[in-house]
Each structure stands twice: as C-alpha cells, then as structure tokens.
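# Understanding the architecture of this molecule
Now for the letters of each chain:
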Amino acid sequence: MRLTRVRTVVMTVVLAACGVAPAAAQTFRSDDPVIRQMWLEGMERSQAERLAQVLMDSIGHRLSGSPGYESAGAWILQRYADWGVPARQHEYGTWRGWNGGSLLVNLVAPRVQTLEANWLAWSPGTNGRPVQADVVIIPEFASTAEAEAWLGTIRGRAILASPPEATCREPQAMAALARPETVQRLAEERARTRASWQRRMAALGQGAHARLEQAGVAAVLTSRWSEGWGVNKVFDAPTTQVPALDISCEDYGLLYRLAANNQGPRVMIQGEAENRGTVPMFSVIAELRGTELPDEYVVLSAHLDSWHAGTGATDNGTGTIMMLEAMRILRAAYPNPRRTIIVGHWGGEEQGLIGSRAFGEDHPEVLEGMQALFNQDNGTWRIEYLEGQGYLHAGEHLARWISNVPLEISSHVELDFPGQQINAGSDHTAFICHGVPAFRFQSHYDEYRQYTWHTNRDTFDKIVLDDLMNNATLAAMVAYMASEDPRRVPRDRATLPTGPTGQERRWPTCAPARRSWQP
C-alpha cells in the first residue's frame, strides 16, 4: 500500500462547515438507543482482545496459500455462526500453496552463532536435513565474461544476494545523536554500496537470482532492512529450487564482513518448507440483510491475508478483528439494518488486492447498490483520519455520520473533503476504481511503516487493545449511520489535485483480479 499521509482539516471545523454541531465533550451520553447499545457492546463488553489473541497467537500468519490462511477463514466462519450472522466463503481462484515450517540457521565457521533468519515466502526447504555451505559475496565484475566465469565457481555455496548496511541503527537515532558529518558519510556510503550492487546484479543478466539457482548454489541469502532495531521486511523467494532466506540486518552484516575480509564464513541451514501445489483461495463474506433497502449496501472491509515472518498483527490482523468485532456489535445492537451490511475479509490483498477486486467483478449488484465502503488496513492506534477520497459531496454524509459518534471516539478523527486519494494500494482502491464511495479508516502511519508493516516484528504485543476496541466500536456506529441515512451518497467526482511534481492526477481505473499464480 502507498504510505503518504496528508491531514488538512480538523473535524470540528468540517462539522461546522457542514452545519453539524458536535455533541458536548462530556461523559458519554446519547439519545440514540442503538448508539448506547453499541457503546455497551463495544466499549464495556468488548471481545476484541480475546479474538485478537486467538487469531495472532494460535492461528498465526495468514500467507496466501498457507494452512494458516485456511484456518483463519474457518475460524472466522465459526465466530459468525456462533453469533448468528450468515457468512460464507467467496472462492475467487487459486494460489500456490506453501507451509513454512521450522528453520535453523547457524554460523559454523569461523565461530559458532545462531543467526536470526526467516524463510522467504514459497521458498523450498532442506527436507529437514542440514546443509552446510561457504558464504560468498557477489563480486564487482569487469565484464559479462567475468560474470559468466564466476557463475561456474559457486556450486554448493550460499550467496549473499543483497547489499549490506553500514549500520543497523534506526535513522532517527543517528540524526539525533550522531555528528552531522557521520550521518552524511553513512548516507554516501549507502548510496555507493547500492549503486555497486545494482552493477553486480546487472552483470549477471536478466533473472539474476534464477541464474544463481541454475548455477547450483546451496542457498540465496537476502536482507531487506526496515530501518528499525532488529526489523526486516520479509517478502517472497526469488528461487523455486533452492532455499531462499531473509537474514536480519545485524547478522547479514556479520556474514558480509566475514566474507569481505576472507575470514571463511560457513553456515548450516536446516528447515522444513512444504510446497502444497495449487490450492483454492477465498475471501470470507458476512452479511446482515437489509429490511427496507436490501439491495443497497454498506460494506466494512479489511484483508485477512498477511505476510509470514511475523503473525500479521497490524497488517492486517487489527483490521480483521476491527471488522469482525464491529459485526458482532452490529448483530447485538442493530440486527435488522435498513440497508444490507456486509463485511469483506479479503484474501490476496498482499498479492494485488485480488479478493476485493474479484468480489467487485463477481458482484456488480453490490457495486451498483453501494452506499459506502469503509476499509481499514494500517495497524494499531486510534483511527485518526478519514478523507472523502475525491467524492465531491461525500463530506456532508461522512461529517453527519461521524457527528453522531460519541466524542470519546470521534474527537480523534480528522476529516478532509473532498479528499485527494492520497493512500492507494489497499482494498478500498478496488472499489474506488468503479466509482463507488469507498473510504479508508486510517491510523498513524510512521511507526507502522518503519516497524511492523510486512516485518518480522508484526506480532500481538504491538496491538494497542484500547484503540482496537475503540476502532471496532467506531466502525459499527458509522456503518449504522450509513445504513440509516435517508439519502444515497452521491458519486460525483472532484478534480484531483496535481501530484508533487505538478503532473495531472486521474481517477484510478480497474485492473482485473489476478485469480491464479504464474511464475
């Protein structure tokens, strides 16, 4: 997802501009019995912590095509059944099945140390057998012929296939505590290292990682530092036949320095990773059928899948639990909505918004009847920002809905109308491209971007449970207000502001859902 954030209009100013007076900032009070019941269910009887603990700790990561994803889908269906909420799987295609098991990576020479490592997704394993290999750096090549000759020397070696980092200290600490000359020197060194690495990979030709694999290497070792203490971003493997691993910034630097100084680094890799072939993929859809306008829809949206190095707590376990708990609150406090309320727990978001795109393609009637969609997909902390996504008249409706939410929850929310569509790349985008009013409940980004987004540290302990409870209650209340609104949200489009370099920005167009994997 794209991670730029702009906040321009404080909520109380927007409400005044829309002619809506915010409630008094006192102890919670509402004349609306549904809002009162939602507060009771969401803030005093919350199940968010219990639900989150099971999803993140017991089920764990939810990589597309993994047993964890399948277990999470079955678990969510059972929760809805327990609450009397109709739910189903929307099977939209297939993906490559994989189960990453145990992994042990040790430095065995010139000394012994266990290294911090993760499988890259869909990597082959070692069939549980230990594999030992000397660690080799991709050198600078004087010519293509030299690169070809080098490829003939690396059979059975473990290849360091990423540029190293000069330091694994977080940048904000360096900026605050190091001398400016030191910061500048490190920035220049990093730029030189990365430029050198690009030349090395280019010399290996197109499909450099595949060429390493074809040369018979024992393993490909990579590292993608997230600029935080002990944190890497961990994605998919560039290989299909040999193990591909992520090594922590600190340990990758150790291996690199040992190899660069001819000190004979050697590693032992042992682990299980199962190729499960082609498996079905699905989203989970829950629904409370509308009593007056059943063919008009309010949709709560969050993706269920995650990457695998952590447990997908803030991307997007918190969004998943927020919408799951919101539907429980709605079932308890508003079981017979005016419009149909749907929750979409989408699959395959990390592979390109696949589940949400496929749902829109398969359900044009929902697109046609959409009142509003609300997506959440960026971590913990309270919802703090809601923009109109470029819909010219959406602000009147959003401001009115938010004004009915108790200030204990809504006072943290800033609104921006008509909005700039500044955060694309999550599931709301799959609906905006159809011209559907789709909005994004957005939390604080900076720490999420650095520390938990797609990383090995995205785990249960990073969830701020008070805020998760708050956000679930907010989602339920806004869905209720959108369902009851006597008018449809207009779909008139504003002209989007120009980009940072002055280029014209256009409304997004819809890409087809990628319903199967091809290498």
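Residues numbered from 1 in each chain as written. Predicted model: local features only at pLDDT ≥ 70, side-chain atom pairs only at ≥ 80, totals over all residues. Heavy atoms only, no water.

Applying the stated criterion across every chain yields a total of 2 disulfides. One disulfide bridge connects Cys-168 with Cys-249, the sulfur atoms lying 2.1 Å from each other. Taking the sign of the torsion about the S-S bond as the criterion, the disulfide between Cys-168 and Cys-249, at about -85°, is left-handed. With Cys-168 in the loop between β5 (158-160) and α6 (171-177) and Cys-249 in helix α9 (residues 249-260), this pair connects stretches of sequence that are 81 residues apart. Residue Cys-249 is classed as buried on the basis of its relative accessible area, which comes to 4%. (Disulfide = S-S within 2.5 Å. Helix = DSSP H or I, 4+ residues; strand = E, 2+ residues; numbered from the N terminus. Buried < 20%, exposed > 50% of the residue type's maximum accessible area, 1.4 Å probe, protein only.)

With that settled, consider unusual backbone geometry. Glycine aside, a negative phi is what most residues show, and trans is what most peptide bonds show. Here the residue pair Asp-315 and Asn-316 is connected by a cis peptide bond, since its omega of 5° sits within 30 degrees of zero. Within the secondary structure, Asn-316 is located in helix α10 (residues 313-333). Following Phe-417, the chain continues to Pro-418 via a peptide bond in cis, the omega torsion being -5°. Inspection of the secondary structure assignment puts Pro-418 in the loop between β15 (414-416) and α15 (429-432). With phi around 65°, Glu-227 is a residue other than glycine that occupies positive phi space. With respect to the helices and strands, the residue Glu-227 is situated in strand β7 (residues 225-228). A relative accessible area of 31% places Glu-227 in the partly exposed class.

A word on the pairing of strand β6 (residues 219-222). A two-sided burial pattern is seen for β6, the buried positions comprising Ala-219 and Leu-221 on one face and Val-220 and Thr-222 on the other. As judged from the 3 bridges shared by β5 and β6, these two strands associate in the parallel manner. In the sheet register, Ile-159 faces β6, and the bridge partner there is Val-220. (Pairing = 2+ DSSP bridges.)

Bringing the pattern of salt bridges into the picture now. Inspection of the entire model under this criterion finds 28 salt bridges. A salt bridge links Glu-287 to Arg-289, with the nearest nitrogen and oxygen atoms 3.8 Å apart. Arg-488 is paired through a salt bridge with Glu-296; the nearest N and O atoms lie 3.6 Å apart. Of this pair, Arg-488 sits in the segment after α17 (465-484) while Glu-296 sits in strand β11 (residues 293-303), and the two are 192 residues apart along the sequence. For Glu-296, a relative accessible area of 16% corresponds to the buried category. One network of salt bridges, in which partners are shared, links Glu-41, Arg-45, Glu-325 and Arg-328. (Salt bridge = Lys/Arg side-chain N within 4 Å of Asp/Glu carboxyl O.)

Mapped onto the elements of the fold, Ala-479 is located in helix α17. Spatially, the C-alpha atoms of Ala-479 and Leu-300 are 7.6 Å apart, while their sequence positions differ by 179 residues. Leave out the neighbours within four places in its chain, and Ala-479 touches Val-298, Leu-300, Leu-330 and Ile-341. (Contact = heavy atoms within 4.5 Å.)

This paragraph deals with the side chain of Lys-233. As for its position among the elements, Lys-233 is in the loop between β8 (231-232) and β9 (244-247). No salt bridge is formed by the buried Lys-233, whose closest oppositely charged neighbour, Asp-315, lies at an N-O distance of 8.4 Å. Leaving out residues up to four positions away in the same chain, Lys-233 has contacts with Arg-224, Ser-226, Asp-246, Arg-449, Gln-450, Trp-453, His-454 and Thr-455. (Lys, Arg positive; Asp, Glu negative; His and termini not counted.)

Time to look at the packing of aromatic side chains. Applying the stated criterion across every chain yields a total of 15 aromatic pairs. Taken together, a centroid distance of 5.9 Å and an interplanar angle of 85° make the contact between Tyr-80 and Trp-83 edge-to-face. Of the two residues, Tyr-80 and Trp-83 are both situated in helix α4 (residues 67-83); the distance of 3 residues between them amounts to about one turn of the helix. Assigned by exposure class, Tyr-80 and Trp-83 land together as buried. When the centroid spacing of 5.8 Å and the interplanar angle of 40° are considered together, the rings of Phe-374 and Phe-439 count as tilted. Pair noted here: Phe-374 is in strand β13 (residues 370-376) and Phe-439 is in strand β16 (residues 438-441), with a separation of 65 residues, a long-range link. The class for Phe-374 is buried, based on a relative accessible area of 0%. Here the aromatic residues Phe-374, Tyr-391, Trp-401, Phe-439, Phe-441 and Trp-507 are joined through ring pairs into a cluster of three or more. (Phe/Tyr/Trp six-rings, centres within 6.5 Å; stacked < 30°, edge-to-face > 60°.)

Along an α-helix, residues three or four apart share an orientation, since each turn contains 3.6 residues. Taking 1.5 Å per residue as the helical rise, helix α3 (residues 48-59) with its 12 residues ought to reach 16 Å, and the 16 Å between its terminal C-alpha atoms agrees with that figure. Where α3 is concerned, the buried positions are Ala-48, Leu-51, Ala-52, Leu-55 and Met-56. Down the axis of α3, the buried set is contained in an arc of 110°. They therefore lie on one face. In this structure, the buried residues of α3 make contact with α4, α10 and α17. Among the residues trailing α3, Gly-60 stands out with phi positive, at a value near 85°. (Expected span 1.5 Å × (residues − 1). Arc of directions from axis to C-beta.)

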